[in-house]
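For reference, the chains in residue letters:
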Amino acid sequence: QLRLVESGGGLVQPGGSLTLSCEASETLEYSAIGWFRQAPGKEREGVSCISGTAANTFHADSVMGRFTISRDNAKNTVYLQMKNLKPEDTGVYYCAADGHFASSYCTLNPNYDHWGRGTQVTVSS
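Now for a look at the structure at hand.

The rules behind these values
- Residues numbered from 1 in each chain as written.
- Predicted model: local features only at pLDDT ≥ 70, side-chain atom pairs only at ≥ 80, totals over all residues.
- Heavy atoms only, no water.
- Helix = DSSP H or I, 4+ residues; strand = E, 2+ residues; numbered from the N terminus.
- Contact = heavy atoms within 4.5 Å.
- Salt bridge = Lys/Arg side-chain N within 4 Å of Asp/Glu carboxyl O.
- Buried < 20%, exposed > 50% of the residue type's maximum accessible area, 1.4 Å probe, protein only.
- Core = buried A, V, L, I, M, F, W, Y, C linked by side-chain atoms within 4.5 Å.
- Pairing = 2+ DSSP bridges.

This paragraph deals with the environment of V12. Along the polypeptide, V12 turns up in strand β2 (residues 10-12). When neighbours within four sequence positions are excluded, V12 is seen to be in contact with S17, L18, L85, T122, V123 and S124.

Structure below.
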């Protein structure tokens, strides 16, 4: 079964940057990947996603222009580059994968088959 492991989280000051990685136990070449986050007391929300072919990416309005999602299929890894971080970006960040979507499709809804355990991101001075 596909396993996903997130890394790269940590404590960063407002305005700082972090890059999260999502490494898979097997090929992600045909899978759509989504990044989600969950803050304490809040529901999990979709942040960014990338389609299997990488032809399409989507970002939540709250992170548009600050977050970039990319993938390296040779390394079975998807990245979330986060810049100009804000305190409201704090939360546990999860990556998710699904190989059943159309190759050009991804979604910010949590309708993915496989999930990682998450990595904590804290934005605070």
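Read on for the rest.
The next subject is the pattern of salt bridges. Taken as a whole and judged by the stated rule, the model has three salt bridges. Across the pair D89 and R66 runs a salt bridge whose closest N-O atoms are separated by 2.8 Å. Of this pair, D89 sits in the loop between β8 (77-82) and β9 (91-98) while R66 sits in the loop between β6 (57-59) and β7 (67-72), and the two are 23 residues apart along the sequence. Overall, the relative accessible area of 9% leaves R66 in the buried class. Put simply, R37, E45, R66 and D89 are held in one network by salt bridges that share partners.

Turning to the environment of E88, a few remarks are in order. Within the secondary structure, E88 is located in the loop between β8 and β9. A C-alpha to C-alpha distance of 15 Å links E88 and G9, two positions 79 residues apart in sequence.

One finds W35, L80, M82 and Y93 to be the most contacted residues of the largest nonpolar core, which totals 25 residues. Within the residue set of this core, elements represented by two or more residues are β3 (18-24), β4 (32-38), β5 (45-50), β7, β8, β9 and β11 (119-123). Grouped together as the second largest cluster of nonpolar side chains are seven residues, A32, F36, F101 and C106 included.

The next subject is the pairing of β9. Buried residues dominate β9, accounting for seven of its eight residues. Across seven bridges, β4 lies against β9 in antiparallel orientation. Its bridge partner lying in β9, R37 is registered against Y93. Of the pairings in the sheet, the one linking β9 to β11 comprises three bridges and is antiparallel in character.

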